[in-house]
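Chain residues, written in single-letter form:
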Amino acid sequence: MASRFLLAAAGAVMLACCLQAAFVVLPGAQAPALRGARTQGDASFSSLGMTSVAATTAAFGVAAAVARSRKREAKTAAKYTTQTILPSLAWIKTGVKASELKNTELKALTLAGNDVLIGKTEAGALFCVGNLCPHIGTPMSEGADVIGDVIVCPLHGSSFKVTNGELIDWCVSPPIIGPLTGLIVEKKNLLVFECRQGGFLGSGEVEVLVDTNAKKAYEANYWKGLLDAQGKDDGTYY
Ligand code: FES
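Residues numbered from 1 in each chain as written. Predicted model: local features only at pLDDT ≥ 70, side-chain atom pairs only at ≥ 80, totals over all residues. Heavy atoms only, no water.

As annotated in an unreviewed UniProt entry, the protein chain carries the name Apoptosis-inducing factor 3 and is attributed to Cladocopium goreaui. In UniProt, the protein chain has this text filed under Cofactor (unreviewed entry): "[2Fe-2S] cluster". (UniProt positions renumbered as here; feature names shortened; annotations may be inferred.)

Quick look at the sheet that holds strand 10 (residues 205-211) now. Ordered by their spatial adjacency, three strands build an open sheet running 1-10-9, and the pairing between neighbours is antiparallel. On the outer flanks of this sheet lie strand 1 (89-97) and strand 9 (195-197), each paired with one strand and no other. Pairwise comparison of adjacent strand axes, ignoring direction, gives a mean angle of 30 degrees for this sheet. Sheet analysis places strand 9 next to strand 10, joined by three bridges and oriented antiparallel. Along strand 10, the bridge assignment pairs Gln197 with Val206. (Pairing = 2+ DSSP bridges. Helix = DSSP H or I, 4+ residues; strand = E, 2+ residues; numbered from the N terminus. Axes fitted to C-alpha atoms, helices over the stretch in contact; angles between N-to-C directions.)

On to the sheet that holds strand 5 (residues 145-147). On the basis of which strands lie adjacent, the open sheet formed by four strands has the order 5-6-7-8 and antiparallel pairing. A strand with exactly one partner marks an edge of an open sheet, and here the two such strands are strand 5 and strand 8 (167-169). Between one strand axis and the next, the sheet turns by 30 degrees as a mean value, whatever way the strands run. Sheet topology places strand 5 next to strand 6 (residues 150-152); three bridges connect them, and they run antiparallel. From the neighbouring strand, Ile147 faces strand 6, where its bridge partner is Val150.

Moving on, we come to the pattern of salt bridges. Proximity of charged atoms lets side chains of opposite charge pair with each other. According to the stated counting rule, one finds four salt bridges in the structure shown. We note a salt bridge from Glu207 to Lys93, for which the minimum N-O separation is 3.4 Å. Of this pair, Glu207 sits in strand 10 while Lys93 sits in strand 1; the two residues are 114 residues apart in sequence, bridging distant segments of the chain. Residue Glu207 is classed as buried on the basis of its relative accessible area of 8%. Accessibility expressed as a relative area gives 53% for Lys93, which makes it exposed. Here Glu207 and Arg196 are joined by a salt bridge, their closest N and O atoms 2.8 Å apart. Here the residue Glu207 occupies a position in strand 10, and Arg196 occupies one in strand 9, the gap between them amounting to 11 residues. Arg196 gets classed as partly exposed once you look at its relative accessible area, which sits at 38%. Residues joined by salt bridges that share partners form a network here, namely Lys93, Arg196 and Glu207. (Salt bridge = Lys/Arg side-chain N within 4 Å of Asp/Glu carboxyl O. Buried < 20%, exposed > 50% of the residue type's maximum accessible area, 1.4 Å probe, protein only.)

A separate point is the nonpolar core. In this structure, Val129, Met140, Ile151, Phe160 and Leu190 are the most contacted members of the largest nonpolar core, which totals 15 residues. Setting aside anything within four residues of it in sequence, one finds Leu190 in contact with Val129, Gly130, Leu132, Pro134, Met140, Ile151, Phe160, Asn164 and Gly165. In terms of nonpolar packing, the next biggest core, distinct from the first, is built from 12 residues, Leu111, Val116, Phe193 and Val208 among them. (Core = buried A, V, L, I, M, F, W, Y, C linked by side-chain atoms within 4.5 Å. Contact = heavy atoms within 4.5 Å.)

What follows is the structure in structure tokens.
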């Protein structure tokens, strides 16, 4: 469509050039009616010339504005979507071998937009959980402890089973303040990701099963909420 407007603009320019050539460049070859106009006075001649220039400029302006707006629309649509994004699960290599992790050691990674924490229990079992605490989103990697098969958040002491994410204790420290902060957020389990050791007989890197569309889905949800709130997406927010 943009190219059609550009063609129209080019046509308008050519037409204007022809008109100007008839009036200005080849004054001896003027059409009788126009010659009359010329002889009747330069004022009417000039105004006719100015009109063609103005029309050309206007055509250019409209074509450029339409092309710009279409370009902007396409760019925005490519960048932001409010559609429902379905999960797309895939095994992603972590670049870490299980043999490199000591028992109770943790390693934070971002895999296809997912913040995860791989680690080993006290007994040496490999696990992978979400790195962000479900309380207020603090990274567990900032000092979490692994005790047996339980991980303890460093900020308010919430603890979760690493095997299934089950909540054990919710915001127990420091006294009074921890439990108070826990009251304002709904209790939740910790995210758990499936993980495995790749390669022959598990000799390769640790791999984690993640939703590669997680970031896209989060962003789509964000924009939908924002636009709904302004009645610009589907107006269901009112
Ligand atoms: S942020 Fe983890 S318990 Fe508060």
